[in-house]
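Descriptive structure summary
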Amino acid sequence: MKRIVIIGAGVAGINAATKLVDNGYPGELITIIDKGNDPINRLPEEVMTGMLGAGGWSDGKLTYHTAIGGQLSKYCGEDKAMKLMKQVVDNFTRFHPKPDEIFMSDPQEEPEFIKPYFGLRMFPVWHIGSNFLHEIAKAWYQYLLDKGVTFEWNTEVDDIDFSDNRIYTHNTELKYDILIFAVGKSGIDFAQRLSDEYTFPTEPKSVQIGIRFEAPQKYFQKLIDVSYDFKLYQKFDKVSLRSFCTNNNAAYVAVEETYGDISYNGHAKKGKEFENQMTNFGILMEIKGIEDPFKWSRDVVQKLQFTSDDFHSGLYYSPNYERQVSKTSEGTDVKAAQLENLDLFKEAMGEYATYITNFIDDMNKVFNFGDDWGMYIPEVKYLSPEPLVNYHDLSLNQFPNVHFVGDALSARGITVSGAHGVYVAESLVK
Ligand SMILES: Cc1cc2nc3c(=O)[nH]c(=O)nc-3n(C[C@H](O)[C@H](O)[C@H](O)COP(=O)(O)OP(=O)(O)OC[C@H]3O[C@@H](n4cnc5c(N)ncnc54)[C@H](O)[C@@H]3O)c2cc1C
């Protein structure tokens, strides 16, 4: 049997390892390397790196629809995609200390009141609850340890020789027979470097960029009652917009750092002590026809930064100047520089800024929040060039023993990332 090395103990890597050992693959032949911490030492504020990766550590909304969370069904078809995602949900349930407390929403009908302005995408969502995720991570980790899997924590892989099946960290090198490349968003620059170096053929991508909107939950309650993690959308010729990753009740805005730039995301906590009666969600545009979408979105994000001697952040705007940034779940202010107007935003986004402001205006017609709202600028989903893979096992065309999974391939969510991992593991145990 072959030695499998997994780079990244995030959602994709961990689900891959789990599927392998569940199917009898010897854990002793699996090594998982991660630049972050194990679940015992990982701090809540280490949002992007460590056991269970990004959203698997700090959010945990498991969406169940093939049009949400990136590419899956294009590789394996609709039916298989649904089955793979369900296995990821089952894994989170299996290691949950209180599985009965998992809350599931499953809206069935689009409400009349949004129809003049928006469509509503409907699909089931399991809400694991961020404060259970750490316990899940610990139980899941222990399971894999018991199965003999080796973990290398706080170890960053900085180079890979795909021709010689060898990976390098700052002080060591390791041979693999099979490599699962699962570095997620925090490894996007590394993935990009490898892609450039090896000139991987890629699939064309669109741009996904926007803002994180925040307002008191009361305004959105009538929609939350229908769909807890609602996804509103609007479609135009070149641009489609959707609300993304909605958080309610105990809703916090999270700061993300990619390529040294600050952008925003959100997460929800469970537990009375965290309740703040706020709602936040991304408003993301998918823009078609931009020549080099990756470079374009990086340039826009760079223009939307605030930098002084001792402060580097993204931006915050509210039409009500009294409204300030919210607190994080750790009780500090969300790091963002307050804008007096949207001039900078409009300058950076060009013609596309209007799509976002119109979306907010249309929401105001439906939900009547007046000027009682704010937005964190920017939120971005970098769709780095997606390497061309063999669809049956997500392996690189040039290197069939190297499998790309999760956000490093084409995912943008927990269930799809985990499903990539399961899919690859299934192909390996066959
Ligand atoms: C704050 C936040 C909230 C989110 N909430 C949700 C949500 O509720 N629902 C949802 O569906 N999606 C959510 N997402 C997105 C979701 O987390 C990702 O799509 C998913 O985690 C991707 O899984 P992955 O395994 O590909 O990468 P990740 O989970 O990001 O894991 C990648 C791992 O690789 C490691 N790594 C990176 N580079 C290297 C390297 N060079 N060497 C060694 N290790 C490396 C990192 O330390 C990390 O642990 C959220 C994301 C964020 C940031």
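Heads up: these notes are all about the structure in this document. (Residues numbered from 1 in each chain as written. Predicted model: local features only at pLDDT ≥ 70, side-chain atom pairs only at ≥ 80, totals over all residues. Heavy atoms only, no water.)

On to the site of the ligand. Close contacts around the ligand come from 39 residues, with Ala12, Asp34, Gly55, Asp407 and Ile414 the closest. Within the backbone of Lys61, one N or O atom sits 2.8 Å away from a nitrogen atom of the ligand. When isolated, the ligand has an accessible area of 1000 Å², and the protein chains bury 96% of it. Only α1 (11–22), α2 (55–58), β17 (261–268) and α11 (414–429) provide two or more residues apiece to the shell around the ligand. Across the shell around the ligand, the residue classes break down as twelve nonpolar, 18 polar and nine charged. (Near = heavy atom within 4 Å. Polar contact = N/O pair within 3.5 Å; in protein donor to acceptor, adjacent residues only side chain to side chain. Areas by Shrake-Rupley, 256 points an atom, 1.4 Å probe, with all protein chains shown as cover. Helix = DSSP H or I, 4+ residues; strand = E, 2+ residues; numbered from the N terminus. Nonpolar A, V, L, I, M, F, W, Y, C, P; charged D, E, K, R; others polar.)

Most of strand β20 (residues 312–317) sits inside the fold, with five of its six residues counted as buried. Direction of pairing for strand β19 (residues 306–307) relative to β20: antiparallel, over a ladder of two bridges. Across the sheet, Thr307 pairs through a bridge with His312, a residue of β20. Hairpin connection of β19 to β20: four residues between the antiparallel strands. Looking at chain direction, β20 and strand β21 (residues 336–339) are connected through four bridges and run parallel. (Buried < 20%, exposed > 50% of the residue type's maximum accessible area, 1.4 Å probe, protein only. Pairing = 2+ DSSP bridges.)

Looking now at empty space enclosed by the protein. For the structure shown, the criterion picks out two cavities of 30 Å³ or more. A volume near 70 Å³ is recorded for the largest cavity. Along the wall of the largest cavity there are ten residues; nearest its centre are Ala191, Gln192, Ser195, Pro385 and Pro387. The element contributing the most residues to the lining of the largest cavity is helix α6 (residues 188–198), with four residues. Tallied by class, the residues present in the lining of the largest cavity amount to seven nonpolar, three polar and no charged. (1 Å grid on protein atoms, 1.4 Å probe; cavity = no way out; pocket = protein on both sides within 12 Å on 5 of 7 lines; lining within 4 Å. Points joined across faces, edges and corners; volume = space filled by probe spheres on them.)

What follows covers the packing of aromatic side chains. Taken as a whole and judged by the stated rule, the model has 39 aromatic pairs. Summarising the aromatic geometry, the rings of Tyr141 and Phe151 are spaced 4.9 Å apart at their centres and angled 80° between planes, so their arrangement reads as edge-to-face. Of this pair, Tyr141 sits in helix α5 (residues 130–146) while Phe151 is found in strand β7 (residues 150–152), placing the two residues ten residues apart along the sequence. Classification of Phe151 by relative accessible area gives buried; the value is 11%. Taken together, a centroid distance of 4.6 Å and an interplanar angle of 35° make the contact between Phe220 and Phe367 tilted. Residue Phe220 is located in the loop between β13 (207–216) and α7 (221–224), and its partner Phe367 is located in helix α10 (residues 353–367); the two are separated by 147 residues in the primary sequence. Accessibility assignment for this pair places Phe220 and Phe367 in one class, buried. (Phe/Tyr/Trp six-rings, centres within 6.5 Å; stacked < 30°, edge-to-face > 60°.)

In this section: the environment of Asp371. As for its placement among the helices and strands, Asp371 is situated in the loop between α10 and β22 (374–381). Asp371 gets classed as partly exposed once you look at its relative accessible area, which sits at 39%. The spacing of Asp371 and Ser318 is 53 residues in sequence and 7.3 Å in space, taken between C-alpha atoms. When near neighbours in sequence (up to four residues on either side) are disregarded, Asp371 contacts Ser318, Pro319 and Asn320. (Contact = heavy atoms within 4.5 Å.)

Put simply, helix α4 (residues 78–94) and α11 touch, their axes get as near as 8 Å, and they point 105° apart. When the interaxial angle is binned, α4 and α11 end up roughly perpendicular. The residues of α11 that touch α4, namely those facing Lys80, Leu84, Met85, Gln87, Val88, Val89 and Phe92, are Ile414, Thr415, Val416, Gly418, Ala419, Val422, Tyr423 and Glu426. Here the contact of α4 with α11 is built from residues that sort into ten nonpolar, three polar and two charged. (Axes fitted to C-alpha atoms, helices over the stretch in contact; angles between N-to-C directions. Parallel < 35°, antiparallel > 145°, perpendicular 65-115°, else oblique.)

Attention now moves to the pattern of salt bridges. Applying the stated criterion across every chain yields a total of 20 salt bridges. With its nearest N and O atoms 3.5 Å apart, the salt bridge here joins Lys231 to Asp229. Residue classification places Asp229 among the buried positions, given a relative accessible area of 2%. It is possible to trace a salt-bridge network through shared partners that takes in Asp164, Arg166, Glu173 and Lys175. (Salt bridge = Lys/Arg side-chain N within 4 Å of Asp/Glu carboxyl O.)

Cis rather than trans, the peptide bond between Ile377 and Pro378 has omega equal to -5°. Mapped onto the elements, Pro378 comes out in strand β22. Of note, Leu394 is a non-glycine position whose phi angle comes to about 55°, a positive value. Relative to the helices and strands, Leu394 is located in the loop between β24 (389–390) and β25 (395–396).

If you trace the three strands from one edge of the open sheet to the other, you get β8-β9-β10, paired in antiparallel fashion. The open sheet has two free edges, formed respectively by β8 (157–161) and β10 (173–175), since each of these has just one partner strand. With direction set aside, neighbouring strand axes in the sheet form an average angle of 20°. As paired strands, β8 and strand β9 (residues 166–169) are joined by four bridges and run antiparallel to one another.

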